[in-house]
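Residues per chain are reported as follows:
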Amino acid sequence: ISAYWWGFIHVAVIIMLLLDPADVPLHLAKCCKYMAEASGVNAKKYWRCLADVLFAIFVIMFFITRLVMYGYVVWSCLFEGTAV
């Protein structure tokens, strides 16, 4: 509500679209860990390997979206947005 009140609704939408995609591989990795615990001996390796790959994808996406791109959005709002 405050983003709408102060006229930053576009920034709020960009931040939501920027931060949400990194959560998908994390949740899938958690599901794979749960599947590994519920599976038999043969399938356990598959689910653990898949969970590790998904977690690696999450780490890469987290770094790009939340540490690099989010910082640019905040910098742009503070310095470039005030110039307009």
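Residues numbered from 1 in each chain as written. Predicted model: local features only at pLDDT ≥ 70, side-chain atom pairs only at ≥ 80, totals over all residues. Heavy atoms only, no water.

Visitor: Would you take a moment to explain the state of the cysteines for this structure?
Guide: Two cysteines form a disulfide when their sulfur atoms are joined by a covalent bond. In the structure shown here, the tally under the stated rule is zero disulfides. Free of any disulfide, Cys31 has its nearest neighbouring cysteine sulfur in Cys32, separated by 7.0 Å. (Disulfide = S-S within 2.5 Å.)

Visitor: Where do I start with the packing of helix H2 (residues 9-19) against helix H4 (residues 41-80) in this structure?
Guide: A pair of packed helices is captured by two measures, namely the crossing angle of their axes and the spacing between those axes. Here H2 crosses H4 at 170 degrees, and the two axes come no closer than 10 Å. Taken together, the axes of H2 and H4 are roughly antiparallel relative to one another. Along its contact with H2, which presents Val11, Ile14, Ile15, Leu18 and Leu19, the element H4 presents Thr65, Arg66, Met69, Tyr70, Val73 and Cys77. Grouping the amino acids of the contact of H2 with H4 by side-chain chemistry returns nine nonpolar, one polar and one charged. (Axes fitted to C-alpha atoms, helices over the stretch in contact; angles between N-to-C directions. Helix = DSSP H or I, 4+ residues; strand = E, 2+ residues; numbered from the N terminus. Parallel < 35°, antiparallel > 145°, perpendicular 65-115°, else oblique. Contact = heavy atoms within 4.5 Å. Nonpolar A, V, L, I, M, F, W, Y, C, P; charged D, E, K, R; others polar.)

Limitation: the analysis is restricted to geometry and does not speak to function.
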